[in-house]
Amino acid sequence: MLKTFQRLGYFVTSDQIPDAIIAHLAEIEKIPVDREALKHYDVSRARKTHVGLIRSYLNVSHFNSKAYKLLCQALVDTALTKDDLVDIINVGIETLVKYRYELPAFGTLLREAKEQRAATYRMLFRDVYERLSEADRIKLDALFLTGEDSQTSPWNDLKIDAPKVTVNGLRALLIRYDQLSALAGNQDLLRHIPFVKRQQLSLEGLSLDAASMADMEVKKRYTVSLTLIERQLARVTDDLCDMICKQMMKVQHLADAELENYLTANQDKTDEILRRFAQLDTLLQSSQPVNNQIAQARQLVTERPDLCEFSRVHSEFGGKNECRFMWRYFKARRSELFRILAKLRFVATSQDKSFENALAFILANNSSNSNRITLNGKGKTVLTTQDLDWIPAKWWKLVTGESDRKLEPSRVNRRQLEVCVFRQLVQELRSADICVPGSDTYSDSREQLLSTDECNKVLAEYGELVGLSVESQAFVDHLRAKLTDVANAVDRNYLSNTNFNIVNGRPTLAKLIKKPEPNGFRVVEEALTRKLLALDLSILDVLGDTMRWLNWGQFFGPLSGHESKLEDEERRQILTTFAYGTGLGPTQVAKSVSGVSDRQIAFVNQRHITTEKLEATIFEVINAYNRFWLPKLWGDAKRAGADDTKWDLYENNLLSEYHIRYGGWGGVAYYHVSDNYIALFSHFIPCGVWEAIYILDGLTKNKSDIQPDTLHGE
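Colleague: How do you make sense of the overall build of the protein chain when you look at a structure like this?
Modeller: Helices and strands together make up the secondary structure of the protein chain, namely 31 helices and eleven strands. In summary, the protein chain has a C-alpha radius of gyration of 34 Å against a globular reference of 27 Å for 714 residues, an excess of more than 25%. Dimensions of the protein chain, computed from C-alpha atoms along their principal axes, come out at roughly 125 × 75 × 65 Å. Residues classed as buried in the protein chain amount to 37% of the 714 residues present. Residue pairs at least 24 apart in sequence account for 67% of intrachain contacts in the protein chain once pairs closer than 6 positions are excluded. Working note: accessible area of the protein chain is about 44000 Å², and carbon and sulfur atoms make up 55% of it. For the protein chain, the separation between the mean place of its 92 positive charges and that of its 95 negative charges on side chains is 2 Å.

Spelled out as structure tokens, the structure:
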């Protein structure tokens with residue numbers, strides 16, 4: 001009873017203890033197992049005496065009214081920031097354990113967690129409802145009404161994904177942005193609602209049709225509507241930002257290609273210049289009179305004026321500078337990019353506002369007919385020379401006309417400045433130096449962080465939990481000592497690592513030699529192949545068996561967090577996973593499987609499944625597979641490798657990019673695989689980005705039981 005309480009936190013009867021544990025204890029004590037005697041013990045006075053002794057020994061108090069109040073307060077605080085009942089219950093358990101209270105029945109924890117979560121939602125809904133004006137309520141109610149000339153409601157149009165993000169679809173995308181912006185006038189009412197709550201409510205709204213929304217409790221309906229509007233507006237904003245990035249990368253690729261053509265086409269001029277330079281060197285080394293040398297040198301330089309012009313341009317703007325070719329490709333996209341720039345608000349995330357000022361400057365001079373614009377001029381938007389410090393070196397001559405950066409320019413080339421600003425905007429967005437309010441991907445992530453005051457309140461407790469000092473000097477000393485230990489360990493293992501060498505001050509890795517196949521490998525492989533073919537398994541068989549073993553469908557609950565009311569739920573979950581996992585879709589699966597419609601399959605996908613739920617299911621499967629003995633023969637799961645695979649995509653896809661390494665358009669699937677050959681995490685990225693920034697995702701976002709401490713990558 002002592003050991004089970006230490007493990008579980010509450011007392012159990014003998015019939016709840018597994019037979020293996022009882023048999024093990026009986027073997028140690030060398031006594032026979034007597035279940036009847038244990039049943040009598042469960043209702044005896046001796047058990048009550050032992051319960052009291054165990055509580056006293058462990059300094060644990062009975063779950064009383066004081067513990068109940070403590071539990072309720074912890075659940076109230078947690079319900080504001082977490083939405084999953086499991087997370088809320090876990091915080092309640094941790095609180096009771098921390099203050100040395102016996103855990104109550106799970107039903108008590110579950111009931112209180114549900115009540116506190118529901119009470120928190122009611123408070124949030126009421127607050128939003130009371131702050132909405134009557135006109136705003138009428139405008140939101142109109143979303144669920146169908147007009148005489150339309151068969152669908154505005155709510156259905158609101159949920160539809162934005163049009164394909166191409167130059168041709170930009171007009172429809174901007175119209176959708178304006179429509180959502182007109183509905184998003186009350187987004188400030190949601191600021192007090194934590195992000196996780198807004199995300200959950202928006203997913204619930206996305207899964208419901210207009211009729212279901214109209215039947216919803218009125219206060220909740222308004223909040224759900226506002227969160228969905230916020231979500232859809234953020235997605236459209238992301239699409240507009242992605243269009244800027246995609247179009248400017250196309251401009252970059254086209255300019256790179258023209259630069260290569262330019263260098264190839266003028267290779268003969270380059271060769272001729274080098275030949276003449278060699279002749280000049282020979283001439284200057286000769287013993288001819290100086291006047292003759294000057295005359296012949298002048299003839300070598302002036303008899304080919306085209307070479308002089310080529311050399312001048314080549315030296316002024318840089319021989320391998322693709323920037324001078326960008327304008328001709330940018331101007332075809334200029335009007336669309338400026339329309340996006342006029343719609344969105346770009347804000348610097350640092351105190352340096354120079355690039356933000358440059359954005360405002362080119363927007364204010366968008367309709368100017370002059371190609372040269374004076375700095376420090378008149379008008380509402382003025383650009384100073386200090387605001388040009390961010391301009392890269394290869395753009396400086398093109399934008400300012402000055403070769404020396406020490407000279408302060410008085411004017412700038414408007415066209416080149418526009419191209420330079422938009423090209424730099426891509427870098428600023430990807431590095432988060434510029435954010436877009438109302439966006440999701442490009443928002444200021446600091447808005448979701450705790451304030452300094454909130455951090456200071458829990459700093460000491462956090463340090464105690466993680467075992468780190470929160471005092472600055474002590475923390476630095478601890479970290480320095482840890483890094484020193486790691487460095488010393490690396491130095492000690494250097495000589496024994498035959499694959500790693502330092503040659504001329506540079507670290508190098510030797511190519512691994514493939515191990516020979518062990519004896520009998522082919523025989524085992526052929527036997528396994530025959531056995532698998534004889535089983536004649538299909539994907540549906542695999543899904544059905546694993547559902548029965550693991551019950552992975554438990555993660556596919558309703559987005560609202562309520563209990564599911566689906567009939568034949570497991571079968572529909574399996575068919576939905578098969579339909580969307582194989583790419584067949586609900587219509588084709590419904591035609592091939594009796595007893596289910598395409599609407600029933602799509603219903604589960606829309607109202608029960610999210611990316612987070614899929615990831616939780618994947619981690620559950622990984623954990624189950626890791627319990628087998630076979631993977632442990634391949635490795636200890638302490639190491640993982642990261643590598644990518646290129647997939648072909650349509651050119652107009654937002655993730656699709658052209659890269660010379662892959663020789664075509666596509667995207668990159670970036671995989672993290674443990675050393676026992678279990679796939680832990682995958683991420684889909686454009687093929688032109690730096691893969692290094694995604695290499696740690698497999699460690700930070702991997703929530704499975706396999707937690708490698710070493711990651712290998714290219």
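So, next bit.
Colleague: Would you take a moment to explain a nonpolar patch on the surface for this structure?
Modeller: A cluster of nonpolar residues, Tyr462, Leu465, Val466, Leu468, Phe475, Val476, Leu479 and Leu483, forms a patch on the protein surface that exposes about 740 Å² of accessible area. Residue assignment for the nonpolar patch shows that the elements contributing at least two residues are helix H22 (452-466) and helix H23 (472-494). If one sorts the elements of the nonpolar patch by residue count, H23 sits on top with four residues. You can see Leu483 is positioned in helix H23.

Colleague: Just checking my understanding: could you explain the nonpolar core for this structure?
Modeller: In a soluble, globular protein the nonpolar side chains are often hidden away together inside. Leu240, Met248, Phe346, Trp395, Phe422, Leu425 and Leu429 are the most contacted members of the largest nonpolar core, which has 83 residues in total. Ranked by residues supplied to this core, first place goes to helix H13 (residues 218-265) with 18 residues. Discounting chain neighbours no more than four positions away, the residues touching Leu429 are Cys241, Cys245, Phe346, Ile434, Val436 and Tyr442. Counting residues in hydrophobic clusters, the runner-up holds 16 residues, among them Met547, Leu550, Val589 and Ala624.

Colleague: Help me out: how do you make sense of the pattern of salt bridges in this one?
Modeller: Two side chains of opposite charge can pair, provided their charged atoms sit close to one another. According to the stated counting rule, one finds 26 salt bridges in the structure shown. Linking Arg35 and Asp19 is a salt bridge whose minimum nitrogen-to-oxygen distance equals 2.2 Å. Within this pair, whereas Arg35 is found in helix H3 (residues 35-42), its partner Asp19 is found in helix H2 (residues 19-29), the two being separated by 16 residues in sequence. With relative accessibility at 26%, the residue Arg35 sits in the partly exposed group. Exposure remark for Asp19: the relative accessible area of 54% places this residue in the exposed category. One salt-bridge network, in which partners are shared between bridges, spans Glu272, Arg275, Arg276 and Glu303.

Colleague: What is the right way to look at the pairing of strand E7 (residues 639-648) in this model?
Modeller: Residues in a regular strand point their side chains to alternate faces of the sheet. The pairing of E7 with strand E11 (residues 710-712) spans three bridges and is parallel. Residue pairing in the sheet places Ala640 in a bridge with Leu711 of E11.

Colleague: What is the right way to read H22 from this model?
Modeller: Along an α-helix, residues three or four apart share an orientation, since each turn contains 3.6 residues. Approximately 50° is the largest bend angle found in H22, and it occurs at Leu459. Looking one or two residues past H22, Gly467 carries a phi angle of roughly 75°, positive in sign.

Colleague: Teacher, can you tell me more about the packing of helix H6 (residues 85-98) against helix H7 (residues 106-131) here?
Modeller: Two quantities define a packed helix pair, namely the angle between the helix axes and the distance between the axes. Closest axis-to-axis distance for the H6/H7 pair is 9 Å, and the angle between their directions is 120°. Classified by the angle their axes make, H6 and H7 are oblique. Crossing of H6 over H7 shows right-handed handedness. In this structure, H6 contributes Leu85, Ile88, Ile89, Ile93 and Leu96 to the contact, and H7 contributes Phe106, Leu109, Leu110, Ala113, Lys114 and Arg117. Taken together, the residues that form the contact of H6 with H7 break down as nine nonpolar, no polar and two charged.

Colleague: Help me understand the packing of aromatic side chains in this model?
Modeller: Two numbers describe a pair of aromatic rings. These are the distance of the centres and the angle of the planes. Evaluation of the coordinates by the stated rule reveals twelve aromatic pairs. The interplanar angle of 40° and the centroid separation of 5.8 Å between the aromatic rings of Trp327 and Phe330 together place this pair among those described as tilted. Of this pair, Trp327 and Phe330 are both found in helix H17 (residues 326-330), three residues apart, which corresponds to roughly one turn of the helix. Side by side, Trp327 and Phe330 carry an identical accessibility label, which is buried. When the ring of Trp552 is compared with that of Phe556, the centres are 5.9 Å apart and the planes differ by 70°; the resulting orientation is edge-to-face. The exposure class assigned to Phe556 is buried, which follows from its relative accessible area of 2%. The structure contains a cluster of three or more aromatic residues connected by ring pairs, namely Trp327, Phe330, Phe338 and Phe422. Of note, Arg137 hangs over the ring of Tyr129, and the distance from its end group to the ring centre comes to 4.0 Å.

Colleague: How do you make sense of the packing of helix H18 (residues 334-343) against helix H19 (residues 354-364) when you look at a structure like this?
Modeller: It is the contact of H18 with H19, at a shortest axis distance of 11 Å, that shows an interaxial angle of 120°. Compared by their axis directions, H18 and H19 come out oblique. Here H18 and H19 pass one another in a crossing that is left-handed. On H19, the residues that touch Phe338, Leu341 and Ala342 of H18 are Leu359, Ile362 and Leu363. When its residues are assigned to classes, the contact of H18 with H19 shows six nonpolar, no polar and no charged.

Colleague: It is not clear to me how the pairing of strand E9 (residues 664-674) should be interpreted in this structure. Could you clarify?
Modeller: In terms of residue burial, E9 counts as a mostly covered element, since eight of its eleven residues are buried. The sheet contact formed by E7 and E9 spans nine bridges and is antiparallel. Each bridged residue has a counterpart across the sheet, and for Asp643 the counterpart in E9 is Tyr671. Here seven bridges tie E9 to strand E10 (residues 679-686), and the two strands are oriented antiparallel to one another. Bridge pairing in E10 links Tyr671 to Ser682. In textbook terms, the turn of a hairpin is the stretch between consecutive antiparallel strands, and for E9 and E10 this stretch comprises four residues, one of which, Tyr677, has a positive phi near 65°.

Colleague: Mind showing me how you'd approach the state of the cysteines here?
Modeller: Taken as a whole and assessed by the stated rule, the structure comprises zero disulfides. Of all cysteine sulfurs, the one in Cys245 lies closest to Cys241, which takes part in no disulfide; the gap is 6.9 Å.

Colleague: Would you take a moment to explain unusual backbone geometry for this structure?
Modeller: In the Ramachandran plot, Arg100 falls in the positive-phi region, its phi being about 60° despite a non-glycine side chain. Take Arg100: it is sitting in the loop between H6 and H7. You can call Arg100 partly exposed: its relative accessible area is 37%. Residue Asn551 is not a glycine yet carries a positive backbone phi of 55°. By the secondary structure assignment, Asn551 is in the loop between helix H25 (539-550) and helix H26 (569-581). According to the relative accessible area criterion, Asn551 is partly exposed, its value standing at 36%.

Colleague: Just checking my understanding: could you explain the side chain of Asn413 for this structure?
Modeller: One can find Asn413 in strand E3 (residues 411-413). For Asn413, the side chain forms a polar contact with the main-chain nitrogen of Gln416, separated by 3.1 Å.

What counts as what
Residues numbered from 1 in each chain as written. Predicted model: local features only at pLDDT ≥ 70, side-chain atom pairs only at ≥ 80, totals over all residues. Heavy atoms only, no water. Helix = DSSP H or I, 4+ residues; strand = E, 2+ residues; numbered from the N terminus. Rg over C-alpha atoms; globule rule 2.2 N^0.38 Å. Buried < 20%, exposed > 50% of the residue type's maximum accessible area, 1.4 Å probe, protein only. Contact = heavy atoms within 4.5 Å. Areas by Shrake-Rupley, 256 points an atom, 1.4 Å probe, with all protein chains shown as cover. Lys, Arg positive; Asp, Glu negative; His and termini not counted. Charge placed at Lys NZ, Arg CZ, Asp CG, Glu CD. Patch = residues over 30% accessible without salt bridge, like charges linked within 9 Å, V, L, I, M, F, W, Y side chains within 5 Å. Salt bridge = Lys/Arg side-chain N within 4 Å of Asp/Glu carboxyl O. Core = buried A, V, L, I, M, F, W, Y, C linked by side-chain atoms within 4.5 Å. Pairing = 2+ DSSP bridges. Bend = angle between axes of the 7 residues up to and from the residue. Axes fitted to C-alpha atoms, helices over the stretch in contact; angles between N-to-C directions. Parallel < 35°, antiparallel > 145°, perpendicular 65-115°, else oblique. Left-handed = near helix turned anticlockwise from the far one by under 90°. Nonpolar A, V, L, I, M, F, W, Y, C, P; charged D, E, K, R; others polar. Phe/Tyr/Trp six-rings, centres within 6.5 Å; stacked < 30°, edge-to-face > 60°. Lys NZ or Arg CZ within 6 Å of the ring centre and 35° of its normal. Disulfide = S-S within 2.5 Å. Polar contact = N/O pair within 3.5 Å; in protein donor to acceptor, adjacent residues only side chain to side chain.

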